[in-house]
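# Per-entry structural report
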Amino acid sequence: MPHLSSIFERASPSGSFNGTPPDKLPAENGIHVWRAAVVMPFITFAFVALRFYTRVYMLKVKKFTIDDYIVALTMLVCIAHAVLMAIATYNGMGLHIWQYDAELNSRYYLWIGITSEFYVLGLCGFKCALLFLYLQLFGVYTRFRWTCYGTMFFCVGYLFCNMLTEFLGCHPIMKKWEPDLPGQCINSTAAATFYGACNMASDLVIAIMPLTMIWKLQIATRTQKIGLSLVLSSGFIAWAVAVARWGIATFNLVGTDDRPWWAGVSFTLSIFEIHTGLICACVATLSPLWKLAYAQVKDWTGWSSHCSDKAVTWPSFVRKPGQSQSSDESNRPSRPSEHWAHQNRPIDRRDGPDSSGSNPLDTSLNTSHEDEYGLLDVSDWRPQASREDRSQRSVEGV
């Protein structure tokens, strides 16, 4: 149909390719892709290993949570993606367009399709890991919990569609890497622009989400709020990489004829994107290591010699490694402010939503709330009270 002609285009450039490929591959920007594919998995694996070391040997967790399994699986996906990207550099990735012959051009677009599937899986993995981390920390709040679920549904939905269009975007499928076959493909420029915009938007939302909870908490000092914000909003790094990658990819699609060479830059950033995202999902769970390093630095520099109480040397937004999660002493309020938080703990969600008639907008936190990551120290902060809570405390005071 004529009005649908703008929707379809060839997935790979058509025409004759009579160039002379380099004698040695990878070459040009393919070298940078290869280096990123080799180096980044080792850096990411170090953070993932530290995450599980902290969980098992420092926090002494008895069982892993769902985000732990997602992080482990995503690490495997990132390794597979890096290996495939390294192989793709030996099949023409990153060369100038005049360096392709017909056979190398076909191999190049075949490997783009293969690596793209694992790239999308890596994106889905680290986004879900971060959202499940937020649910573990702030999931007692109804609005925040449903915001996490909505964001997760959006991410999984558009990434699943991305995988389908990447795999089934041409009919027949082989037309993606053999452009001279009869058939048609969807508009890859429009699809890539749309999915890139969704990716940037979701990364930005995920990075901002914990800030909406942190800055509502009455923590002792502003510095502690800033520290907790930096730890939980490290996703801004992944968002910045996603913005850079999307900008290069868009220019590659609409601003230049030398698409394979600029695609090498975009693919290098795609490696950085999924690996930095997974690192960000691990950084917030390393709080016992951060506070241990913090104490060691104070000891080495002599700052702690002015403090009579060793506990003062620990950041208040993290918990001491020796503190037990299941200890009854940790659940018993020791100050009046903790007593108020204990008395106004949220309802048990197993009895049904808001079955006790409590205010669904209440942001009080239970002092017995299980912090799986040793990140939140509820003995040193309490959430801001709502108007109903303040009136209730005034009645109790009378």
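Rules and cut-offs
All residue numbers refer to position in the chain's written sequence, counted from 1. The predicted origin of the model limits local features to residues at a pLDDT of at least 70 and limits the giving and counting of side-chain atom pairs to 80 or more, whereas totals for whole chains, interfaces and linings rest on all residues. Here the side-chain values reflect all heavy atoms present in the structure, with hydrogen atoms and water set aside. The term salt bridge refers to a pairing of a side-chain nitrogen on Lys or Arg with a carboxyl oxygen on Asp or Glu at a separation within 4 Å. Think of it this way: any DSSP run of H or I at least four residues long counts as a helix, any run of E at least two long counts as a strand, and we number them from the N terminus. Under the scheme applied here, a residue whose accessible area is under 20% of the maximum for its type counts as buried, over 50% as exposed, and between as partly exposed, the area being computed with a 1.4 Å probe on protein chains only. Pairing of aromatic rings covers Phe, Tyr and Trp, the last through its six-membered ring, and needs centres within 6.5 Å; plane angles under 30 degrees mean stacked, over 60 mean edge-to-face, and all others mean tilted. Think of a polar contact as two N or O atoms within 3.5 Å of one another; within protein, one of them needs to be a possible hydrogen donor and the other a possible acceptor, and neighboring residues in sequence only count if both atoms come from side chains. By definition, residues are in contact when any of their heavy atoms lie within 4.5 Å. Here a patch means residues that are over 30% exposed by relative accessible area and free of salt bridges, tied together within 9 Å if like-charged and within 5 Å if nonpolar (Val, Leu, Ile, Met, Phe, Trp, Tyr). A 1.4 Å probe and the Shrake-Rupley method give the accessible areas. Residues count as covered only by the protein chains that appear here. An expected span of 1.5 Å times one less than the residue number is assigned to each helix. Helix axes use the C-alpha atoms of the stretch in contact, all axes being lines fitted to C-alpha atoms, and the angles between their N-to-C directions lie in the range 0 to 180 degrees. When an angle is under 35 degrees it counts as roughly parallel; over 145 it counts as roughly antiparallel; between 65 and 115 it counts as roughly perpendicular; any other value is oblique. Should the near helix be turned anticlockwise from the far one by less than a right angle, the crossing is left-handed, and should it be turned clockwise, the crossing is right-handed.

Next up on the list: the pattern of salt bridges. Going through the model one piece at a time under the given rule, you end up with seven salt bridges. Here Arg245 and Glu273 are joined by a salt bridge, their closest N and O atoms 3.1 Å apart. Here the residue Arg245 occupies a position in helix H7 (residues 235-254), and Glu273 occupies one in helix H8 (residues 259-283), the gap between them amounting to 28 residues. The class for Arg245 is buried, based on a relative accessible area of 12%.

If you walk through the whole model with that rule in mind, you get 14 aromatic pairs. With a centroid separation of 5.3 Å and an interplanar angle of 45°, the aromatic rings of Phe154 and Tyr158 are classed as tilted. With Phe154 and Tyr158 both in helix H4 (residues 142-168) and four residues apart, the pair spans about one turn of that helix. Residue classification places Phe154 among the partly exposed positions, given a relative accessible area of 36%. Its relative accessible area of 6% is what places Tyr158 among the buried residues. By the ring-pair criterion, three or more aromatic residues cluster together here, those being Tyr134, Phe138, Tyr141 and Phe144.

Relative to the elements of secondary structure, Lys127 occurs in helix H3 (residues 102-138). Among the residues examined, Lys127 registers a relative accessible area of 0% and is labelled buried. Polar side-chain contacts of Lys127 include one of 2.9 Å to the side chain of Asn199. Once you skip the residues sitting within four places of it in the chain, Lys127 turns out to touch Cys155, Tyr158, Leu159, Asn199, Ser202, Asp203 and Ile206.

Turning our attention to a nonpolar patch on the surface. On the surface, Trp34, Val38, Val39, Phe42, Ile43 and Tyr90 cluster together into a nonpolar patch covering about 560 Å² of accessible area. Inspection of the secondary structure puts Val39 in helix H1 (residues 30-58). For Val39, a relative accessible area of 45% translates into the label partly exposed.

Here we come to the side chain of Glu273. By relative accessible area, Glu273 is classed as buried at 0%. Only 2.6 Å separates the side chain of Glu273 from the side chain of Tyr119, close enough to count as a polar contact.

All right, on to H4 then. Structurally, the α-helix is built with 3.6 residues per turn, so residues lying three or four positions apart point the same way. Here H4 is 27 residues long and its end C-alpha atoms lie 39 Å apart, about the 39 Å a rise of 1.5 Å per residue gives. Buried within H4 are the following residues: Thr142, Phe144, Arg145, Cys148, Thr151, Met152, Cys155, Tyr158, Leu159, Asn162 and Glu166. Looking at the buried residues of H4, the elements they touch are H3 and helix H5 (188-214).

Looking at the secondary structure, you find Gly264 in helix H8. Judged by its relative accessible area of 1%, Gly264 is buried. Apart from residues no more than four positions distant in its own chain, Gly264 is found in contact with Asn29, Val33 and Gly94.

Let's shift gears to the packing of helix H2 (residues 66-89) against H8. At a minimum axis separation of 11 Å, H2 and H8 run at an interaxial angle of 165°. Taken as axis vectors, H2 and H8 run roughly antiparallel relative to one another. Read as a crossing pair, H2 and H8 show a hand that is left-handed. Each of Val71, Thr74, Met75, Cys78, His81, Ala82 and Met85 in H2 lies in contact with H8, whose residues at this interface are Phe267, Ser270, Ile271, Ile274, His275, Leu278 and Cys282.

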